[in-house]
Every structure is written in C-alpha cells, then in structure tokens.
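Residue-level listing of the chains:
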Amino acid sequence: MSNQLPVEYVEAESVDAVLELLAGDSETRIVAGGYSLVPRLKDGIETPDRLVDISGIDALRGISRQDGGTRIGALTTHDRIAASATVRDHARALAEATDSVGDYQAKHQGTIGGNLVVADPKYDAPAAVLALGGTIVVRGPNGRRRIDAEEWFCGPDETAIEPDELLTEIAIPDGARSGYIRTSEYSGYAIVSVAARLETDGGLVESARVAVNGAKPYPIRLPRVEETLAGGTLDDERRARAADAALRDVDPGTLVANEVADGRHRLGLVRSYCQQALERASVSPAVDS
Ligand SMILES: Cc1cc2nc3c(=O)[nH]c(=O)nc-3n(C[C@H](O)[C@H](O)[C@H](O)COP(=O)(O)OP(=O)(O)OC[C@H]3O[C@@H](n4cnc5c(N)ncnc54)[C@H](O)[C@@H]3O)c2cc1C
C-alpha cells in the first residue's frame, strides 16, 4: 500500500491545457472532485505520476438548455444537478438520481463527469443517464466525440473514454416522463438502482427506456421490459408484467454478488424497483420537446 502523492500536481486552467497534459502520457490522471480517485490513490490501486486538477475550469461547470435538451458540464456536482429546476423539469430521473447520493460531502463535491467515468455499479447517475438516452461528450487529440450512453458503459470497470480524452459535458434529450429509484445499503450507496423514461401519448406508452445499475457490473437496459410497455396503457397490471420481464432481461449467471447482496437478492430487487421506477415515471409531469 502506498500513501505517497504522485510526483507532480498541476492545476489546469483550460480544456486545451488538459489535453496537452494528457497527450501521450498514460500515467497522467485527471482529478475533479477527487471522491473516487483519492481513495484509489490512498489504497495504491492507482499509481499515476501526474495529477491534473480540472476543478478550476469554469467552462466545464453548469447547466443550460441547448438544442432541445439539457446540457450539463462535467464538473457540475450532484447537489447542483439535484437542485436544478431545469433538470427536474426536463430530465427528472437524473435529478432524482443525483439527489439520492447518500453521502453529504460526496454529493456536494463529487461531479457528474467523475461519476460517469467510473460508473461503479453502486453509483446513481449511470442508470438515469442510460435510461434518459443521454450523450456523453468528450474532447481529445482528434477533437470532439459524442458517445451514446449505450456505447459509453461498455464493460466492467470500463467506459468508452480514452486515456487522452476529457469528458466535457452530458446532453440529455427532452420529451419524456421519467423517474428513478434505488435501494440503499448501510454505507449510503445503492445496491440496485432503476431509471425509466416513457414517451407517452395520452394514456398510451409510445416507447420506453428502462435501465438498471447494480445488477451486472455495469449499467444495462432492460429490452424485454421496454417491449412489454411499448404500445400499451400504463396500468398496474402492465407495470407488474413489465417488472416480471426484468427477470428475463438479467442473466442470473452475470449478476453482481458480494457481501452486500447476493445475485438472487439483487434479482428480486431489480423486479421490485423496476415496478417502482415505472410508477414514478408514469406520475411525473409530461415534458414538451
Ligand atoms: C463516502 C462516499 C459516498 C459516496 N456515495 C455515493 C452515492 O451514494 N452515489 C453515487 O453515485 N456516488 C457516490 N459516491 C461516489 C461519488 O459520487 C463519485 O466519487 C463522484 O461523483 C466522482 O466524481 P469526482 O469529481 O469526485 O471524480 P474524481 O474522483 O475526481 O475522478 C474519478 C475518475 O474519473 C476521472 N475523471 C473525473 N472527471 C473527469 C473528466 N471530466 N474527464 C475525464 N476523466 C475524468 C478521474 O481521472 C478518475 O479516474 C460516494 C463517494 C464517497 C467517497
């Protein structure tokens, strides 16, 4: 175990400066709020030789309306997102997810960018961003890349960002009701979290996106749940049938199992929280695109 700080610490003043520092040096790490990275440095899990602190780059912070959607800067903290009327009105599931962060300091210092780069199965924002059909925007040596959330979460401990890229913002499209719900364990982290986005017309569901985190090692969509919902009315019976379909969407052999909850317990939680997320989404206010 190493408690040594890396040899070099740089406070970057611009996105271009960050990209220069990242170029060609895989031992450089970005630090934003430090709530995921610092514990890993302390435990010797990460041993970079340079830290680039991006917390002073104001261009990476803030929430605005853009191109029929909501844009959130990578450095925006969970509490700012949870408190934002714009996010609550246009991307409710993300407001609810960020509001669920169980630790006071992590909620006030941890950023959405760091949360999505790490995308731990215990984290709240990933399921919401996936269900909402979010796009993650990164900048690197070859310019800007816009990555669909579906491609972003690509494997255990893996997201689509390259070591020489910086996550700059997240874009969430308008036009749907949505809701988020999660279980809590003693530490304040989620065991399982589910987010749902419903495009509705009158009482009918035109299309649905439902995502879960904490079932597999990375967030996934639930296609059978979505198929069960599409084209039908959102009554109790259909919500229950959709939640049952979640059991077929999650391969029991790949469930996360640890000292907090075994796979069987998690599967039960997925079903129950899927139903609750759908209830939340169905009573959330409609959003005009
Ligand atoms: C006690 C505690 C309780 C917590 N509870 C919860 C909880 O209930 N729910 C929850 O969701 N989370 C929880 N967290 C995690 C916390 O939300 C995340 O750690 C935080 O959001 C990560 O953001 P950060 O700014 O601190 O990232 P950092 O720790 O600074 O960075 C994390 C990783 O992302 C990279 N990175 C950061 N920003 C960028 C960027 N813009 N571009 C490219 N790479 C980047 C870093 O290089 C690093 O590898 C908790 C953390 C702690 C310590």
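Criteria and cut-off values
Residues numbered from 1 in each chain as written. Predicted model: local features only at pLDDT ≥ 70, side-chain atom pairs only at ≥ 80, totals over all residues. Heavy atoms only, no water. Helix = DSSP H or I, 4+ residues; strand = E, 2+ residues; numbered from the N terminus. Buried < 20%, exposed > 50% of the residue type's maximum accessible area, 1.4 Å probe, protein only. Core = buried A, V, L, I, M, F, W, Y, C linked by side-chain atoms within 4.5 Å. Domains from an automatic or database assignment. Near = heavy atom within 4 Å. Polar contact = N/O pair within 3.5 Å; in protein donor to acceptor, adjacent residues only side chain to side chain. Areas by Shrake-Rupley, 256 points an atom, 1.4 Å probe, with all protein chains shown as cover. Nonpolar A, V, L, I, M, F, W, Y, C, P; charged D, E, K, R; others polar. Axes fitted to C-alpha atoms, helices over the stretch in contact; angles between N-to-C directions. Left-handed = near helix turned anticlockwise from the far one by under 90°. Contact = heavy atoms within 4.5 Å. 1 Å grid on protein atoms, 1.4 Å probe; cavity = no way out; pocket = protein on both sides within 12 Å on 5 of 7 lines; lining within 4 Å. Points joined across faces, edges and corners; volume = space filled by probe spheres on them.

Under an unreviewed UniProt entry, the protein chain has the name Xanthine dehydrogenase family protein subunit M and belongs to Natrinema versiforme.

**Student:** Go over the environment of G202, please, and point to the residues and values.
**Tutor:** The residue G202 is located in the loop between β12 (190-201) and β13 (204-213) in this model. Looking at G202, the relative accessible area reads 63%, which means it is exposed. Between the alpha carbons of G202 and T233 there is a distance of 9.1 Å; along the sequence they are 31 residues apart.

**Student:** For the nonpolar core, give the residues involved together with the corresponding values.
**Tutor:** By size, the foremost hydrophobic cluster in this structure holds 33 residues, and its most contacted members are L94, I112, L116, I136, W152, L167 and I170. Mapped by element, the contributors of at least two residues to this core are α5 (92-99), α7 (112-118), α8 (125-131), β6 (135-140), α9 (149-152) and β10 (166-173). Here the element with the most residues in this core is α8; it accounts for six residues. Here this core spans two domains, and each of domain 2 (63-173) and domain 3 (177-282) adds at least three residues to it.

**Student:** Describe in detail the site of the ligand, supporting the description with residues and values.
**Tutor:** Taken together, 29 residues lie near the ligand, and I30, G33, S36, T111 and D124 sit nearest. Interatomic distance of 2.7 Å between a backbone N/O atom of G33 and an oxygen atom of the ligand. Contact with the protein chains removes 91% of the 970 Å² of surface that the ligand exposes when unbound. Sort the elements by how many residues they give to the shell around the ligand and α7 lands first, with four residues. Here the residues of the shell around the ligand sort into 16 nonpolar, ten polar and three charged.

**Student:** So what's going on with the domain arrangement of the protein chain? Which residues, and what values?
**Tutor:** Its domain assignment divides the protein chain into domain 1 (8-52), domain 2 (63-173) and domain 3 (177-282). For domain 1 and domain 3, the distance between their C-alpha centroids amounts to 35 Å.

**Student:** An account of the packing of helix α11 (residues 236-249) against helix α12 (residues 263-283) is needed here, citing residue identities and associated values.
**Tutor:** It is the contact of α11 with α12, at a shortest axis distance of 8 Å, that shows an interaxial angle of 145°. The hand of the α11/α12 crossing is right-handed. Of the residues in α12, those touching α11 at R239, A240, A242, A243, D244, A246 and L247 are L267, V270, R271, C274, Q275, L278, E279 and S282.

**Student:** So what's going on with empty space enclosed by the protein? Which residues, and what values?
**Tutor:** Inspection of every chain in the model, using the stated rule, returns one cavity of 30 Å³ or more. Size it by volume and the largest cavity reaches roughly 30 Å³. Lining the largest cavity we find H90, A91, L132, P173, D174, G175, A176, S178 and R197. Class assignment for the residues of the lining of the largest cavity results in four nonpolar, three polar and two charged.

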